[in-house]
Amino acid sequence: MRTYAKMSATYAPTLKEDPVEAELASHKLLLRAGMIRRASAGLYSYLPLAWRSIRKIEQVIREEMEAIGAQEMLVPMVVPGEMWQESGRWDVYGPELLRMQDRHERDLVMGPTHEETFTDLVKNELRSYKQLPVTLYQIQDKFRDEIRPRFGLMRGREFIMKDAYSFDADVEGMQKTYDEQKAAYARICERCGLRALPVVADSGQIGGDTSVEFMALADAGEAALVYCDCGFAADTEAARASIAVEEGPGDVCERIETPCEGSIASLAEFMGMSERACRKSLAIIAEDGTPVLCLLPGDHELCEVKAEHAFGHYDVMSDEQMETYGLVKGYMGPIGADERVRVVADVSLRESKRWLIGANESGWHIQGACPGVDFKVDEWLDLAEAKEGDACPKCGAPLKAARGIEVSQVFQLGTKYSEAMGATFMDVNGKEKPFQMGCYGIGVSRTLQAVVEQSHDEQGIVWPVCVAPYEVAVVPLSVGDKDVWPVAEQVCDELAKKGVEVIVDDRKERAGVKFADADLMGFPYQVVLGRRGVKNGVAEVKDRKTGERQEIALDEVAAWLAERVMAERL
Ligand code: ATP
Ligand code: MG
């Protein structure tokens, strides 16, 4: 039995140049280190080194799931279309859902997630409250025909996901299961070496923590976040931050000439005031056809997600529509607009009495306009996208901004699927009731790349020990040397006996090539064995993270490394 791996026998085709297909550092490095290969858009193969890391991430997940009583299993990747029709998602899930037909022309879908499959699975078998709660999970490839697959494993079409589904008898039970999953997810992030924040997600419901996303902090992340030292963190799309209001100029409502470009920035400059003291107007057509004018603090954007909750699938007004409704582009405002226009203002402006708004005439604004007196506001809504500096809704301190990669999400589903699919059980009083469900997903392959995105340098990947493909690389400088090679083998043997995962670079390559590859592949510790060192009875150990090198006696090096490695395994 071999106890350690040999580089010469490891399929890890490295690349010297940055691959042109990759933008993100993590994507480039995984390709360059010979860990992944692209088969087609959004379809990747995991090569042996990456696969070892993937299995470690999965192992962490398995341990944490077992600790809270979730049971692993596996359902088919392909799901009968009827299940999706039953749940109602057949009609609402967009083209991301890969639909196909078999030879009998039966509809099938390639599972992007499996609420239907699991609900269907338990619906005739879990019959009594006495059998609850039950949480089932699997680790399996999912398929989503993403419109823009990109960034390698970050947004693939086929990707590895751990997905869990919980079935409880009542809301309190579901809440408890959800809290346990959430806590496990935090531990999983930590044990994989990720710096991640639990972030309140937009779950389409009002208030309450019914869904949390775990965001690995990274500048390259697709999600914009706001967070606070008090523990609050939210997607800018879901955050309800408080925005301190700034009043506009003028004590009386009057028209003023503003010969500046029709943008908030130029208006603020012309008036010599902050953008926030101006009011931004945006004209849209709500899903039901209503023309709507949205008024916001000038320095904030309309949050698309909040606007969709309020107006459905809305469109920005065309120039012709603006003309129809008496709105003048760049100088829009509620005064002088057509009566049919519904005026909706951000809730942060509710106490404000002096507004600087467009006059619906090119080159003119109105200052000192007072809502309720000079114009009517039909509705006050939370519409602004939160941003850095807004007040934390929990403690009031200024929020900070960050970007994140969504690695996982926990979600309270309630009875959405159980009701639609008739999945019921008998409660204590003998009454049929739908299950209270939760679902919990982790992007396993995305997690792998998120770790690399957070942990790399100019030379390559810097794996945290917990998910490194190998923990130690032994690098003998002259493989053919009759004094050095036996020592390398012995060090490998000793390390392996102590349970350390070792790879030895037994290739007849120059020292420079071996060092570069070890750095690129990112093994946490490198043991360099040269002729002189061996003669003096020492090895040089390099810590990949800090770059520190130290000489350790050959007869102590295995114990020395084993101690460090074990301490860093979380
Ligand atoms: P996103 O908003 O990034 O598209 P999502 O919210 O649609 O993701 P979920 O349905 O919550 O994704 O899936 C659970 C997890 O699966 C996500 O947290 C993410 O880590 C992972 N995931 C989702 N889509 C992809 C993808 N296209 N490629 C890789 N991982 C993905
Ligand atoms: Mg999600």
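Residues numbered from 1 in each chain as written. Chains lettered and ligands numbered in written order. Predicted model: local features only at pLDDT ≥ 70, side-chain atom pairs only at ≥ 80, totals over all residues. Heavy atoms only, no water.

(A) Molecular detail of the overall build of the protein chain. From N to C terminus, the protein chain includes 15 helices and 32 strands. With respect to the three principal axes, the spread of C-alpha positions in the protein chain is 95 × 65 × 50 Å. For the protein chain, with 570 residues in total, the buried portion stands at 53%. In the protein chain, of all internal contacts separated by at least 6 residues, the share reaching a separation of at least 24 is 69%. Carbon together with sulfur atoms contributes 48% to the accessible area of the protein chain, which is approximately 26000 Å² in total. (Helix = DSSP H or I, 4+ residues; strand = E, 2+ residues; numbered from the N terminus. Buried < 20%, exposed > 50% of the residue type's maximum accessible area, 1.4 Å probe, protein only. Contact = heavy atoms within 4.5 Å. Areas by Shrake-Rupley, 256 points an atom, 1.4 Å probe, with all protein chains shown as cover.)

(B) Summary view of the sheet that holds strand S5 (residues 78-80). Strand order in the open sheet made by the three strands is S5-S7-S6, with antiparallel pairing throughout. Edge positions in the open sheet fall to S5 and strand S6 (98-101), since each of these has one partner strand only. Here the average twist between neighbouring strands, direction ignored, is 35 degrees. (Pairing = 2+ DSSP bridges. Axes fitted to C-alpha atoms, helices over the stretch in contact; angles between N-to-C directions.)

(C) Spatial organisation of the domain arrangement of the protein chain. Taken domain by domain, the protein chain comprises domain 1 (49-240 + 401-453), domain 2 (254-381) and domain 3 (470-568). Using only C-alpha atoms to locate each centre, domain 2 and domain 3 end up separated by 66 Å. (Domains from an automatic or database assignment.)

(D) Local environment of the site of ligand 1. Neighbouring ligand 1 are 14 residues; Glu146, Arg155, Gly156, Glu406 and Val407 lie closest to it. Glu406 has a polar side-chain atom sitting 2.6 Å from an oxygen atom of ligand 1. The separation between an oxygen atom of ligand 1 and a polar side-chain atom of Arg446 is 3.0 Å. Protein contact buries 80% of the 580 Å² of open area that ligand 1 shows by itself. Counting residues per element, the ones that place at least two in the shell around ligand 1 are strand S9 (158-168) and strand S22 (400-414). The greatest single-element share of the shell around ligand 1, amounting to four residues, is contributed by S22. (Near = heavy atom within 4 Å. Polar contact = N/O pair within 3.5 Å; in protein donor to acceptor, adjacent residues only side chain to side chain.)

(E) Highlighting the packing of aromatic side chains. Summed over the entire model, instances satisfying the criterion amount to nine aromatic pairs. Judged by centre distance (4.5 Å) and plane angle (25 degrees), the ring pair of Phe118 and Tyr165 falls under stacked. Taken as a pair, Phe118 in helix H5 (residues 115-123) and Tyr165 in strand S9 lie far apart in primary sequence, 47 residues in all. Take Phe118 and Tyr165: they sit in the same class, and that class is buried. Counting every residue linked through ring pairs, the aromatic cluster contains Phe167, Phe425 and Phe435. Above the face of the Trp364 ring, Arg255 is positioned so that its terminal group lies 4.4 Å from the ring centre. The side chain of Arg564 reaches across the aromatic face of Trp560, ending 3.6 Å from its centre. (Phe/Tyr/Trp six-rings, centres within 6.5 Å; stacked < 30°, edge-to-face > 60°. Lys NZ or Arg CZ within 6 Å of the ring centre and 35° of its normal.)

(F) Just helix H8 (residues 304-311), in detail. Listed as buried for H8 are Val305, Lys306, Ala307 and Phe311. Packing partners of the buried residues in H8 comprise strand S15 (279-285), strand S16 (291-297), strand S18 (342-346) and strand S21 (379-381). The positive-phi residue at the C-terminal boundary of H8 is Gly312, with phi of around 75 degrees.

(G) Broad picture of the side chain of Glu146. By the element assignment, Glu146 lies in the loop between strand S8 (134-143) and S9. Using a relative accessible area of 16% as the deciding quantity, one classes Glu146 as buried. Apart from the residues lying within four places of it in its own chain, the contact partners of Glu146 are Glu96, Arg155, Gly156 and Arg157.

(H) Here's a closer look at helix H6 (residues 171-191). The end-to-end C-alpha distance of H6, which contains 21 residues, comes to 30 Å, matching closely the 30 Å that a straight helix rising 1.5 Å per residue would cover. All of the buried residues along H6 are Gly173, Met174, Thr177, Tyr178, Gln181, Ala184, Tyr185, Ile188, Cys189 and Arg191. Seen end-on, H6 carries its buried residues on one side only, within an arc spanning 155 degrees. Residues Glu172, Lys176 and Glu190 are exposed on H6 and point more than 90 degrees away from its buried face. Phi for Gly193, located one or two positions after H6, is positive at around 85 degrees. (Expected span 1.5 Å × (residues − 1). Arc of directions from axis to C-beta.)

(I) Structural context of the side chain of Glu64. Relative to the helices and strands, Glu64 is located in helix H2 (residues 48-67). Glu64 sits in the buried class, given a relative accessible area of 9%. What Glu64 contacts, discounting residues up to four positions off in sequence, is Ala184, Arg187, Ile188 and Arg191.

(J) A look at the pattern of salt bridges. A complete count under the given rule lists 38 salt bridges for this structure. One salt bridge in this structure joins Arg52 and Glu501, with 3.3 Å as the shortest N-O distance. With Arg52 in helix H2 and Glu501 in the loop between helix H12 (484-497) and strand S29 (502-504), the pair connects residues that are 449 residues apart, well separated along the chain. Among the residues examined, Arg52 registers a relative accessible area of 24% and is labelled partly exposed. Residue Lys280 is joined to Glu301 by a salt bridge in which the shortest nitrogen-to-oxygen separation is 3.3 Å. On the criterion of sequence distance, the pair formed by Lys280 in strand S15 and Glu301 in the loop between S16 and H8 is long-range, its members being 21 residues apart. Since its relative accessible area comes to 14%, Lys280 is described here as buried. (Salt bridge = Lys/Arg side-chain N within 4 Å of Asp/Glu carboxyl O.)

(K) Up close: the pairing of S18. In terms of burial, S18 is largely enclosed, as four of its five residues are buried. Note that S16 and S18 share four bridges and pair parallel. Looking across to S18, one finds that Leu293 is bridged to Val343. Bridge analysis of S18 against S21 gives three bridges, and the strand direction is parallel. Across the sheet, residue Asp346 finds its bridge partner in S21, namely Leu381.

(L) Summary view of the environment of Leu477. Mapping Leu477 onto the fold places it in the loop between strand S28 (472-476) and H12. Looking at Leu477, the relative accessible area reads 29%, which means it is partly exposed. In this structure the C-alpha to C-alpha distance between Leu477 and Leu529, which are 52 residues apart in sequence, comes to 6.0 Å.

(M) Spotlight on a negative patch on the surface. On the surface, Glu237, Glu287, Asp288, Glu304 and Glu308 cluster together into a patch of negative charge. Within the fold, Glu308 resides in helix H8. (Patch = residues over 30% accessible without salt bridge, like charges linked within 9 Å, V, L, I, M, F, W, Y side chains within 5 Å. Lys, Arg positive; Asp, Glu negative; His and termini not counted. Charge placed at Lys NZ, Arg CZ, Asp CG, Glu CD.)

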